[in-house]
There are 2 protein chains.
Amino acid sequence: MFEIYQLEHLVAITEYGTLSLAAEHLHISQPTLSRSIQKLEEELGFPLFDRLKNKMTLNESGELAVECARNVLKEADIMVQRLNTLERSRHTINIASCAPAPLWMLTPIVSRTFPNMTMSSEIRDIEELKKGLMDDTYQIVILPEPLEDNNIYSHKYCEEQLYVSLPPAHPLCGHKGIYMSELDGESMLLFSEIGFWSKLHKEKMPHTHFLIQHEAETLDVLARASAFPSFTSNLVMKSVGKIPNRVILPLLDEEATATFYICIKQSSNKKFNLLFNRTKFLSQ
Amino acid sequence: MFEIYQLEHLVAITEYGTLSLAAEHLHISQPTLSRSIQKLEEELGFPLFDRLKNKMTLNESGELAVECARNVLKEADIMVQRLNTLERSRHTINIASCAPAPLWMLTPIVSRTFPNMTMSSEIRDIEELKKGLMDDTYQIVILPEPLEDNNIYSHKYCEEQLYVSLPPAHPLCGHKGIYMSELDGESMLLFSEIGFWSKLHKEKMPHTHFLIQHEAETLDVLARASAFPSFTSNLVMKSVGKIPNRVILPLLDEEATATFYICIKQSSNKKFNLLFNRTKFLSQ
DNA sequence: AAGGTTTACGTTTTCCGTAAACATT
DNA sequence: AATGTTTACGGAAAACGTAAACCTT
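Reference entry: report on the structure contained in this document. (Residues numbered from 1 in each chain as written. Chains lettered and ligands numbered in written order. Predicted model: local features only at pLDDT ≥ 70, side-chain atom pairs only at ≥ 80, totals over all residues. Heavy atoms only, no water.)

**Looking at the packing of helix H1 (residues 4-16) of chain B against helix H4 (residues 60-90) of chain B**
Residues and elements named next belong to chain B.
Inference 1: Relative orientation of the contacting elements H1 and H4 amounts to 125°, with a least axis distance of 9 Å. With respect to their mutual orientation, H1 and H4 come out oblique. Here H1 and H4 pass one another in a crossing that is left-handed. Residues Ile-4, Leu-7, Glu-8, Leu-10, Val-11, Thr-14 and Glu-15 of H1 touch H4, and the partners they reach there are Ala-65, Val-66, Ala-69, Arg-70, Val-72, Leu-73 and Ala-76.
Inference 2: For the contact of H1 with H4, a count of residues per class yields ten nonpolar, one polar and three charged. (Axes fitted to C-alpha atoms, helices over the stretch in contact; angles between N-to-C directions. Helix = DSSP H or I, 4+ residues; strand = E, 2+ residues; numbered from the N terminus. Parallel < 35°, antiparallel > 145°, perpendicular 65-115°, else oblique. Left-handed = near helix turned anticlockwise from the far one by under 90°. Contact = heavy atoms within 4.5 Å. Nonpolar A, V, L, I, M, F, W, Y, C, P; charged D, E, K, R; others polar.)

**Section: the protein's contact with DNA strand D**
Inference 1: The full set close to DNA strand D counts 20 residues, and Thr-32 and Lys-39 of chain A together with Gln-30, Ser-34 and Arg-51 of chain B are the nearest of them.
Inference 2: Within 4 Å of the protein, the contacting atoms of DNA strand D are 63% sugar and phosphate, with bases supplying the remainder.
Inference 3: The side chain of Arg-35 of chain A places a nitrogen or oxygen atom 3.0 Å from a base oxygen of DNA strand D.
Inference 4: Separating a phosphate oxygen of DNA strand D from a side-chain N or O atom of Ser-34 of chain B is a distance of 2.5 Å.
Inference 5: Looking at the surface near DNA strand D, the elements with two or more residues in it are helix H3 (30-44) of chain A together with helix H2 (19-26) and helix H3 (30-44) of chain B.
Inference 6: It is H3 of chain B that provides the largest number of residues to the surface near DNA strand D, a total of five residues.
Inference 7: Class assignment for the residues of the surface near DNA strand D results in five nonpolar, nine polar and six charged. (Near = heavy atom within 4 Å. Polar contact = N/O pair within 3.5 Å; in protein donor to acceptor, adjacent residues only side chain to side chain.)

**Regarding the packing of aromatic side chains**
All names here are of chain B.
Inference 1: Counting across every chain of the model gives eight aromatic pairs over all chains.
Inference 2: Between Phe-114 and Phe-272, the ring centres sit 5.8 Å apart and the planes meet at 85°, which makes this aromatic pair edge-to-face. Here Phe-114, found in the loop between helix H5 (100-113) and strand E4 (118-123), pairs with Phe-272, found in helix H11 (residues 269-283); they are 158 residues apart in sequence, far enough to count as distant.
Inference 3: An angle of 70° between the planes, with centres 6.0 Å apart, marks the rings of Phe-196 and Phe-260 as edge-to-face. Taken together, the residues span a long stretch of sequence, with Phe-196 in the loop between strand E7 (187-191) and helix H8 (197-204) and Phe-260 in strand E11 (residues 257-265) at a distance of 64 residues.
Inference 4: Given a relative accessible area of 24%, Phe-196 falls into the partly exposed group. (Phe/Tyr/Trp six-rings, centres within 6.5 Å; stacked < 30°, edge-to-face > 60°. Buried < 20%, exposed > 50% of the residue type's maximum accessible area, 1.4 Å probe, protein only.)

Keep in mind these numbers describe shape, not what the thing actually does.
The following block contains the structure:
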């Protein structure tokens, strides 16, 4: 049987027109290429080129051979593509969440549990999360509700309760808790990537001027140095800590509480078993 | 890039289960096969097998690799099939005719015109001839009518007039010519492969007992040695000669005369140019 | 003369099979 | 002991590039 390199050579010759030019692009010598083709013809049992003393042109068989060779090479290319994709996926865990806080908690655990894996994490809206989990774009997805599907395993991960962080001089500070509507109309600091929470803010606080911060670090500095109210949550405070000199009031709106669920495909359950033992433990 | 032989080896291993068995069937040594796979894995950049000290089993990547390898090999196989088919067709001329006589005339000319070609000739019914010409089963077809099609070149080849060959004692011998119906009811010698003529005989002479002969040689001997009437034609007499001591009468039925046309695809016109120069000359 | 192809030839590389080591059943 | 895999090694085969020959434009 001929070999793939011979087919590559054949195609290269037709693409570059002459042996010499093709040889140059293939980084081999001209005689080597000449012999490669001779060998291919010998193996097939008939010539692929009409040979004049100083010119080679494809004959009828050659034309067909090139067409077929391209098909073989395409198939070979598909093979490496598919294998590389699989191999990459075997070493990557793509996590996506509807909100940032569960991600902050989960990513360190995943990293420690699978130290040889590359991990990516994203914040996406709920529909994208569901779709991405189904089509294997994401292996782990965090939703604010369990995903009812036979192929999906959902498991409760954590609850988040939003709070408002107010300067002590703020008129609402005396309350035990407040509703978002009570704050509406002020200027507030807000982190940009808050996932599905942003929808809540837009709905309940349409008149508020949000000072959107794209970096958590900057937000923290501004919150400490200014009198602007900002949001926080039980999870944020647990991981980042409280800001001193601030009054923390719970948001009383029903929607200011969320329960997050880790969702994975049943087919990858085995792979993530170890992970769940750890997340279960940590979520208690 | 990996090579085809490596894919063959990979597939062989999965088919025969173990390295040793596969190596045996591939007619190579076991270490050679072992290295071949190692090299494939090295080129891909990841292992395809889980290796125990004493056992190799495909891993996830390996399973996919085998699936893809089969596709590549299938494509390679298609390549040799198509090339071989083309190559064979380049050295073969398939002729088919609706009647034997034009074939007897044409085949020697084709043989002499294309001495390096393998030639096959068949007698088929008219519909088969048309279809076969279209789908390249036949390159040359002889029909009793021109084929009206833009892709087809038809050219008048010869005319055949049927005769009856009677023993001198036969009651019809005095006539200048006879109709087939006049002979109906007798026993007659008839060659088996007469193509579209047989339909005519069946229609016009339904009560005749045909003594079918499958060999031209035998038919000739019987015709010379017996008193049975038989058929002949201008073309037969021209190529085989007349039978002595027989009265030859033309058949007066309109259908006992046929004009034959050589039909080829326009696309093969160039190839058969030389042939037509000769057949035109000979048909005059 | 420039550009294209094939042949010749010596070197380098690769490839193969035997032998051996190692592990499992 | 039999079976299965990998490593080691030496000889054989092949593949490669340089050089040269040959041809056309």
